[in-house]
Amino acid sequence: MKIRILQTLLSSLLSAGLCYAQQSAIAEDFKPSTFNQPGQEYPMVNSQGYARFKIIAPAADSVRVSLGLGGKGGTKLKKADDGTWMGTTEGPMDEGFHYYNVNIDGGKFNDPGTLNFYGSTRWESGIEIPAHDRDFYALKNVPHGHVQQVLFPSPSTNTSRRAFVYTPPGYEKNTKEKYPVLYLQHGWGEDETAWMNQGHANLIMDNLIAEGKIKPFIIVNTYGMTNEVKWGRIRDFKIEPFQTVLIDELIPYVDANFRTIAKQSHRAMAGLSMGGMETKTITLNKPDVFAYYGLLSGGMYAPEDIKDKSKVKLIFLSAGSKEKPERILEATTKLKEAGFNAVSYVSDKTGHEFLTWRRSLLAMAPLLFK
């Protein structure tokens, strides 16, 4: 018994020493997140990927930030003498963009120090952990395209609906040139703002075009009506209303109001997560509309899903390395064996998050419209 007690004490001391060593090893080179509100110092991130938060709530009894290491319920903040609450994540976060919120005495709030992004069916705080390969979506001194909001009529829903349209650099000057179009969908809990705000799709395109790696094309983002089912009830989602909006209303509007090559051979559809589910369903339902398919952490196709192989120019499947991508790789192999032009991509050290999808767009874009 005494031996066991000594072993337990030794183990505790070693664990405490390890934790202390880990804490003492945190580099104190914290800088404000790139998504902070103007003039706001917190939240901050350091060179190792740790995030540090500061919330002013002098009358609060407890403050917790939802962002933290997996399975630990976020990051608990400690109250200082001046009434502020501060805390640092227990370890480095995955690179890239993360949603988060602040829980103050049981209530959910946004961090007033940072910008808000639509995700999880609400406007949430966002933080950017600098990625080692972030250059591909950086704002650079290159020609930039335009992102404009359009309101298109939707008789099927008896509303005017919103879409964002990216037109590449030179679109306004090259008035005789027509362009292919990628219809790019967001995931559950997000909306049509996600790909340009969280995903930096416009900057990815600008940089690829400037480097001569892709032929310019238009990108269209619209709300996929996905949030009209609750999380966990995804099987209750009906594709028909959105399919009507996309195929019968949005695409004709885009073709009529932008210089597009209005042909199946020059039209692509892709989506992340639930937007991938929408992409798969609609491309299979409407094979005469799209020739290029992309599922980004959004499932896979099987050869038997597609009745006319000649209509499909590309199937692109991707996932993060933390999303068990083996099924994606296996599906790609089967599609290739069946004679499809299928490409898989696995984002290193990322999960179901926007750095996976930014990298996926980077990998997919050069393959489109060849």
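Residues numbered from 1 in each chain as written. Predicted model: local features only at pLDDT ≥ 70, side-chain atom pairs only at ≥ 80, totals over all residues. Heavy atoms only, no water.

- An unreviewed UniProt entry annotates the protein chain as Alpha/beta hydrolase-fold protein of Runella salmonicolor.

**Considering the packing of aromatic side chains**
No. 1: Considering all chains together, one arrives at 16 aromatic pairs under this definition.
No. 2: Each ring, one from Phe35 and one from Phe97, has its centre 5.8 Å from the other, and the planes form 80 degrees; the classification is edge-to-face. One end of the pair, Phe35, is in the loop between β1 (31-32) and β2 (44-45); the other, Phe97, is in strand β8 (residues 96-100), and 62 residues separate them in sequence.
No. 3: What makes Phe35 buried here is its relative accessible area of 9%.
No. 4: Residue class for Phe97 comes out buried when judged on its relative accessible area of 3%. (Phe/Tyr/Trp six-rings, centres within 6.5 Å; stacked < 30°, edge-to-face > 60°. Helix = DSSP H or I, 4+ residues; strand = E, 2+ residues; numbered from the N terminus. Buried < 20%, exposed > 50% of the residue type's maximum accessible area, 1.4 Å probe, protein only.)

**Focus: the confidence of the model for the protein chain**
No. 1: Taken over all residues, the pLDDT of the protein chain has a mean of 92, while the share at 70 or more is 93%.
No. 2: Overall, residues 1-10 carries pLDDT values under 50, and its contacts beyond four positions in sequence, including any with other chains, amount to 0 contacts.
No. 3: Segment residues 12-23: pLDDT under 50, and 1 contact once partners within four positions in sequence are set aside and those in other chains are kept. (pLDDT = per-residue confidence, 0-100. Contact = heavy atoms within 4.5 Å.)

**A look at the environment of Ala319**
No. 1: Looking at the secondary structure, you find Ala319 in strand β19 (residues 314-320).
No. 2: Taking the C-alpha atoms as reference, Ala319 lies 29 Å from Lys263; in sequence the two are 56 residues apart.
No. 3: With sequence-adjacent residues up to four places away left out, Ala319 is seen in contact with Ser297, Pro325, Ile328, Tyr345, Val346, Ser347 and Thr356.

**A word on the packing of helix α3 (residues 201-210) against helix α7 (residues 354-364)**
No. 1: Running from amino to carboxyl end, α3 crosses α7 at an angle of 35 degrees, the nearest separation of the two axes being 10 Å. At the point where α3 passes α7, the crossing takes the right-handed sense. Here Ala201, Ile204 and Leu208 of α3 lie close against α7, whose contacting residues are Arg358, Leu361 and Leu362.
No. 2: When grouped by side-chain class, the residues that make up the contact of α3 with α7 number 5 nonpolar, no polar and 1 charged. (Axes fitted to C-alpha atoms, helices over the stretch in contact; angles between N-to-C directions. Left-handed = near helix turned anticlockwise from the far one by under 90°. Nonpolar A, V, L, I, M, F, W, Y, C, P; charged D, E, K, R; others polar.)

**Concerning the sheet that holds β1**
No. 1: Pairing within the open sheet is antiparallel, and its 5 strands lie in the order β1-β2-β3-β7-β6. The sheet terminates laterally at β1 and β6 (78-79), the two strands that pair on one side only.
No. 2: Pairing analysis gives 2 bridges linking β1 to β2, with the strands arranged antiparallel. Across the sheet, Pro32 pairs through a bridge with Met44, a residue of β2. (Pairing = 2+ DSSP bridges.)

**What to know about helix α6 (residues 326-337)**
Given 3.6 residues to a turn, an α-helix orients residues that are three or four positions apart in the same direction.
No. 1: Given a rise of 1.5 Å per residue, 12 residues ought to cover 16 Å, and the 17 Å separating the end C-alpha atoms of α6 matches this to within 8%.
No. 2: When α6 is considered as a whole, its buried residues turn out to be Ile328, Ala331, Thr332 and Leu335. Summarising the axial view, the buried residues of α6 lie within an arc of 100 degrees, below the 170-degree limit, and thus occupy one face. In α6, the exposed positions that point more than 90 degrees away from the buried face belong to Glu326 and Glu337.
No. 3: Elements in contact with the buried residues of α6: β19 and β20 (342-347).
No. 4: At the exit of α6 stands Gly339, carrying a positive phi of roughly 100 degrees. (Expected span 1.5 Å × (residues − 1). Arc of directions from axis to C-beta.)

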